[in-house]
Amino acid sequence: MVTNAKEADAAIGLEGGPAVDATRRAMLYEFWYYFRQNRGAVLGLCIFLLIVLVAIFAPLIAPHSPSAQVRGSFLVPPVWQAGGSWDFILGTDAVGRDILSRLIYGARFSLFVGLVVVTLSVISGVIIGLIAGYFRGTVDTIIMRLMDIILAFPSLLLALVLVAVLGPGLFNAMIAIALVLQPHFVRLTRAAVMAEKGRDYVMAAKVAGAGNIRLMFKTILPNCTAPLIVQGTLSFSTAILEAAALGFLGMGAQPPTPEWGTMLAEAREFILRAWWVVTFPGLAILITVLAINLVGDGLRDALDPKLKRS
Amino acid sequence: MFRFLLRRLAVLIPTFIGVSIIAFAFIRVLPGDPVALMAGERVMSPERHAELMRELGFDRPIWTQYLDYLGGILTGDFGNSIVTRRPVLDEFLTLFPATMELSLCAIILSVVIGVPLGIVAAVRRGSWLDQSVMGFALVGYSMPIFWWALLLIILFSGILQWTPVSGRISLMYFFPPVTGFMLIDSLLSGQEGAFRSAVSHLVLPTIVLATIPLAVIARQTRSAMLEVLGEDYVRTARAKGLPPRRVVGLHALRNALIPVVTTIGLQVGVLLAGAILTETIFSWPGIGKWMVDSVFKRDYAVVQGGLLLIAGIIMLVNLIVDVLYGLINPRIRH
């Protein structure tokens, strides 16, 4: 019934109104009901929200400045190991900077990268995918061949070369990663649009006189959002991983930025002397990515009606 | 089948031309010219600059340059490295076996462990075994492999001293490459301990490179198995009174493996991307490290040729997977 009401609304171009608000609330409630059943997803969401809070309130939480070098405190081990101190709970790096504070500030960069990359690739991917799936024909063929070309390269290699050419740095790394992730959104949107385009409600809207833009964005797109949300979540974690990998290779954020991948690159030469300079930044990446992937799995289960009751 | 193959090839050719245009264009669309880009911050006199432009052919019209480049590729000439002056294709062919050896070991490891894990998880759906397998798979899937490599080095090379940190074989051994695969060459050389040394060098990079494919394959096998186990023919097989092992192993697994084969094929791109990080960390002399080194040396002739060759390999493997898939599953041929 829910979808029928929505289809009818969409067909006659009706938005808002109390009835629609109620169905929307009911759908959200249904979604939350299924999402909540997945304990892993809820745990992932909690961890992710915690990381977001840490990133927002970094200046209040971090015990030290991320760039302050404490003289005489080089490679101090974590507090629970002999020689550790409560001043530096997770120890210090080779130039006497507090690792915990750098990790806390690093959360800002990782979340920022994820957010910017997903926004860029979703917006461009959805628009291109809508055009390809809606108009088909030559436009579609050209777009899909272009996407095939991007997908023919290993994503990290293409991003690496792009950044090398644009110049190393976090900003260029984000653009490069957004470009290599965007074909996935194009393909997904195109497939969803092609599946929806033949449905009755689209035809009804067309008969009612809706133009192409309205049909694409207002009638069809809202019914294709579920797979896009899931892909967006998974791309968020991919973006964080790729940005860290580029940072690790020296092509992402540049030192002394406390970006996690860059911190790992700086720590490489000390791996056999000071395990903590290597262990904690990587752990931060792993936990963040894991939390987001847990949420992504939960979203997929909650949004995919095929799996719901199996 | 032949028409199916032709159709796939017809899609592949424009894609390959597009790939060659991208590989060709990326240093030319930027502000400044290729020679200035390669020089970077080094100072160069205008005369030397003009001389290099002429020598490398950058002073000709762009489409002449492209057609020359394309013509070169079709005859196997990918240009020469700017740093070593050796042909790009020669360098690639020398280094490729190392990457191939590492990738093959990684894919074998991930299939041998991933497929059984996925089957067990699906058969025991919801048990603690299923949950822990899926938990591990999720961790593997989320792993920053460059960090994972460093952790393994700390443990196995640093603390336990079991494995070497880098390279393909100990410097004590030297023999001419026959196949390019160190495992085979070391056996052929007949030198005592050479094979052991090659294996000990290979273990950690293989584990690192296999991590993500293993996780993906385990997840994919599990969901494919779950789908198949709910099918009518599996129920019939059960109802006939066949032993569970036979039902799972014979009736279910065969059909579940079809999507898994595709997944394995798709891992080639993942492996080559992973090789970039893995080879850099373990100083493994393969094409991943070669590409990274060339990017840093601004050897754009190598970057350009390498991009094209790597994309070519991925496209070729995808074609093979498509054809295999068409052979296993006739429905998709049309």
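Residues numbered from 1 in each chain as written. Chains lettered and ligands numbered in written order. Predicted model: local features only at pLDDT ≥ 70, side-chain atom pairs only at ≥ 80, totals over all residues. Heavy atoms only, no water.

Draft legend 1. Just the interface of chain B and chain A, in detail. Of the residues lining the interface, 42 residues belong to chain B; the matching set on chain A comes to 38 residues. Summed over both sides, the interface of chain B with chain A buries roughly 3,700 Å², with 83% coming from carbon and sulfur. Summed over the three residues of chain B that lose the most area to chain A, namely F146(B), W147(B) and L150(B), the buried surface amounts to 17% of that side. Along the contact surface separating chain B from chain A lie one salt bridge. (Contact = heavy atoms within 4.5 Å. Buried area = accessible area lost by both parts, 1.4 Å probe. Salt bridge = Lys/Arg side-chain N within 4 Å of Asp/Glu carboxyl O.)

Draft legend 2. Main features of the domain arrangement of chain A. As far as domains go, chain A holds domain 1 (1-37) and domain 2 (43-307). Measuring from the centre of the C-alpha atoms in domain 1 of chain A to the corresponding centre in domain 2 of chain A gives 30 Å. (Domains from an automatic or database assignment.)

Draft legend 3. Focus on the packing of aromatic side chains. Counted under the stated rule, the structure contains 14 aromatic pairs over all chains. An aromatic cluster is defined as three or more aromatic residues linked by ring pairs; in this entry it consists of W80(A), W275(A), W276(A) and F280(A). Residue placement shows R219(B) over the ring face of Y141(B); its charged tip is 5.2 Å from the ring centre. (Phe/Tyr/Trp six-rings, centres within 6.5 Å; stacked < 30°, edge-to-face > 60°. Lys NZ or Arg CZ within 6 Å of the ring centre and 35° of its normal.)

Draft legend 4. Layout of unusual backbone geometry. Residue and element names in this part refer to chain A. For the bond running from P255 to P256, omega is 5°, close enough to zero to count as cis. Tracing the backbone shows P256 in the loop between α11 (225-248) and α12 (260-267). Positive phi outside glycine occurs at L75, with the angle close to 50°. Secondary-structure assignment places L75 in the loop between α4 (58-61) and α5 (99-135). On the basis of relative accessibility, which here comes to 17%, the residue L75 falls in the buried class. (Helix = DSSP H or I, 4+ residues; strand = E, 2+ residues; numbered from the N terminus. Buried < 20%, exposed > 50% of the residue type's maximum accessible area, 1.4 Å probe, protein only.)

Draft legend 5. How the structure looks around the side chain of T262(A). Counting through the fold element by element, T262(A) comes out in helix α12. Look past the residues within four positions of T262(A) in its chain and what remains in contact with it is G247(A), F248(A), A253(A), Q254(A), P255(A) and T257(A).

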